[in-house]
Amino acid sequence: MKAVGLVVEYNPFHNGHLYHLQASKEKAEADTVIAVMSGHFLQRGEPALVSKWSRAKMALQQGADLVVELPYAFATQKAEFFADGAISILEALKCHSVCFGSENGEITPFLETAKTLEELDSDYQDAIKYYMKQGISYPSAQTKAYQSLDTGGHTLDLSMPNNILGYQYVKAIQKQGSAISPLTIKRTSAGYHDEEFNETSIASATSIRKAIFSEENKDIQSFVPETTWDNLKTYRHDFNTFHQWEDYFGFLKYTICTMTHDELKQIYEVEEGLENRVKSLIHQAASFKDFMEQLKTKRYTWTRLQRLCLHILTRTTKDQMKLDETGAPYLRLLGMSSQGRAYLNSIKKTVDKPLVSTLSAFSHPILDLDIKAASVYAMVFPEPIRSQFMHSEYSTRPIQYNETEKLFL
């Protein structure tokens, strides 16, 4: 059997994701779709709208065959480490290819750019340092550094978010010596950061989340599959919330106020005296948005500072985020279809990473971060829902889905 890998967040699963999944499966000529999905917290340093279990259900109902969790230690990182973790999981699961959405839509510029930047790495790194000294953010410095190089006419726009991730997937494949073939599908209609709906049935996850939290009560139903709509309604009924940063601001404020400057310095991504700025601004902030607007500078992007706040919230230290060069140390299964189960049975004797179905059967420092992240994610629930949610983190086995009968087993 041939599997195509997708790296996803599904926050929430929408019509654009469905197009990507179906187009990827067709382009890769695959019979199995493996989705590596972020857990309760995401790459931009924010809580997922609904839990990883709910999002895994959305994915299975729309054609994913295996859903595997991307651990917190990779899922909440800048693009390079995010990609490293995801590709290591897809490689371990014997994926034939990985297919990502991009603004470019053609794979050749990604391959050429990866080759060129490897050859010009010294000049590229020097240029990044030069632009960083001008006080701009790291992503902006990377973009300017790339534009300053003589790349032989390659035109990949590395200022676009999906192009950046796509380049990092290709780079990770090359670095890890993986046999995975990279493929790309051009993003249609909605841009990654678009905040407003357009006239098509495809909208960005950003605009959908904005509509969900809007006081105007905008209708999102035409932009998501019916199964996503049903899952969202069920989640709201069961937990009486959709997750957003403002729900966690009180916990963040308490954590910052009760930590010393030295303790803050040990937190991952707290560098260059940021602990002083965080400490000095937290007391006067009335909301998370207010705090972020005060914290934001030209040097640090909103996303970088959100991730910093997340690591403070979860008390994740620099030592805890030291990653092995072999990538993700285990494969935590969140869900599988009948096809996914058959695929897994066909490869399991050759899989060289532990397959984790329940937490009681495995332990690892990276998994400890996932457990801690789940407990923080659950803090917004009242009791006894909070305790029940945490119990499910330990006791829930991979979701089983019969795609023929469209039933969870």
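Residues numbered from 1 in each chain as written. Predicted model: local features only at pLDDT ≥ 70, side-chain atom pairs only at ≥ 80, totals over all residues. Heavy atoms only, no water.

Caption draft 1: Quick peek at the overall build of the protein chain. A tally of regular secondary structure across the protein chain gives 18 helices and nine strands. Against the compact-globule benchmark of 22 Å for 409 residues, the protein chain has a radius of gyration of 21 Å, which places it among compact chains. Each principal axis of the C-alpha distribution contributes one length, and for the protein chain these read about 60 × 55 × 45 Å. Within the protein chain, buried positions represent 54% of all 409 residues. A separation of at least 24 residues holds for 73% of the contacts in the protein chain among residues at least 6 apart in sequence. With an accessible surface of roughly 18000 Å², the protein chain has 50% of that area assigned to carbon and sulfur atoms. (Helix = DSSP H or I, 4+ residues; strand = E, 2+ residues; numbered from the N terminus. Rg over C-alpha atoms; globule rule 2.2 N^0.38 Å. Buried < 20%, exposed > 50% of the residue type's maximum accessible area, 1.4 Å probe, protein only. Contact = heavy atoms within 4.5 Å. Areas by Shrake-Rupley, 256 points an atom, 1.4 Å probe, with all protein chains shown as cover.)

Caption draft 2: Summary view of the pairing of strand S1 (residues 3-8). In terms of residue burial, S1 counts as a mostly covered element, since six of its six residues are buried. One crossover worth recording links S1 to the parallel strand S2 (residues 32-38) by way of helix H1 (residues 15-28), and it is right-handed. Here S1 pairs with strand S4 (residues 97-102) via two bridges, running parallel. If you follow Gly5 over to S4, its bridge partner there is Val98. (Right-handed = clockwise from strand over helix to strand, strands pointing away. Pairing = 2+ DSSP bridges.)

Caption draft 3: Region of the structure containing the environment of Arg315. As for its position among the elements, Arg315 is in the loop between helix H15 (302-313) and strand S6 (331-337). The sequence separation of Arg315 and Ser181 amounts to 134 residues, and the corresponding C-alpha distance is 37 Å. Among all residues touching Arg315, those that are not within four sequence positions of it are Thr255, Thr258, Met259, Ile267, Gln320 and Lys372.

Caption draft 4: Here's a closer look at helix H16 (residues 338-347). Inspection of H16 places Gly340, Tyr343, Leu344 and Ile347 among the buried residues, and these make up the whole buried set. Buried residues of H16, viewed axially, fall in a sector of 100 degrees; they line one side. Its buried side turned inward, H16 meets S1, S2, strand S3 (66-70), S6 and strand S7 (355-356). Between the side-chain oxygen at the start of H16 and the backbone nitrogen of Gln339 there is a gap of 3.3 Å, and the oxygen is on Ser337. (Arc of directions from axis to C-beta. Polar contact = N/O pair within 3.5 Å; in protein donor to acceptor, adjacent residues only side chain to side chain.)

Caption draft 5: Up close: the packing of aromatic side chains. For the structure shown, the criterion picks out 16 aromatic pairs. Ring geometry for Phe41 versus Tyr248: centroids 6.2 Å apart, planes at 65 degrees, classification edge-to-face. Of this pair, Phe41 sits in the loop between S2 and helix H2 (52-61) while Tyr248 sits in helix H11 (residues 245-258), and the two are 207 residues apart along the sequence. For the pair Phe41 and Tyr248, a shared accessibility class is recorded, and that class is buried. Here the aromatic rings of Phe239 and Phe381 are separated by 4.9 Å at their centres, their planes lie at 25 degrees, and the arrangement is stacked. You can see Phe239 sitting in helix H10 (residues 226-239) and its partner Phe381 sitting in the loop between helix H17 (365-377) and helix H18 (385-395), a full 142 residues away along the chain. (Phe/Tyr/Trp six-rings, centres within 6.5 Å; stacked < 30°, edge-to-face > 60°.)

Caption draft 6: Fine view of the nonpolar core. Core analysis: the biggest nonpolar cluster contains 136 residues, and Ile34, Leu90, Leu252, Phe291, Cys309 and Ile312 have the highest contact counts within it. Non-local contacts of Ile34, meaning those with residues more than four positions away in its chain, are made with Ala3, Val4, Gly5, Leu6, Leu66, Val68, Leu90, Leu93, Cys95 and Tyr343. (Core = buried A, V, L, I, M, F, W, Y, C linked by side-chain atoms within 4.5 Å.)

Caption draft 7: Highlighting unusual backbone geometry. With an omega of 0 degrees, the peptide bond between Asn11 and Pro12 qualifies as cis. Within the fold, Pro12 resides in the loop between S1 and H1. Cis geometry is adopted by the peptide bond preceding Pro384, which originates at Glu383 and carries an omega value of 5 degrees. Even without glycine at this site, Glu29 takes up a positive phi of about 50 degrees. Relative to the helices and strands, Glu29 is located in the loop between H1 and S2. On the accessibility criterion, Glu29 (63% relative accessible area) is exposed. The backbone of Lys94 shows a phi angle near 60 degrees, a positive value even though the residue is not glycine. Examined against the element boundaries, Lys94 turns out to sit in the loop between helix H4 (79-92) and S4.

Caption draft 8: Fine view of the pattern of salt bridges. Under the definition given, this model contains 15 salt bridges. For Arg332, the salt bridge identified is with Glu393, shortest N-O distance 2.8 Å. On the criterion of sequence distance, the pair formed by Arg332 in strand S6 and Glu393 in helix H18 is long-range, its members being 61 residues apart. Judged by relative accessible area, which is 1%, Arg332 ranks as buried. Via salt bridges that share partners, Lys52, Glu69, Arg332 and Glu393 belong to a single interconnected network. (Salt bridge = Lys/Arg side-chain N within 4 Å of Asp/Glu carboxyl O.)

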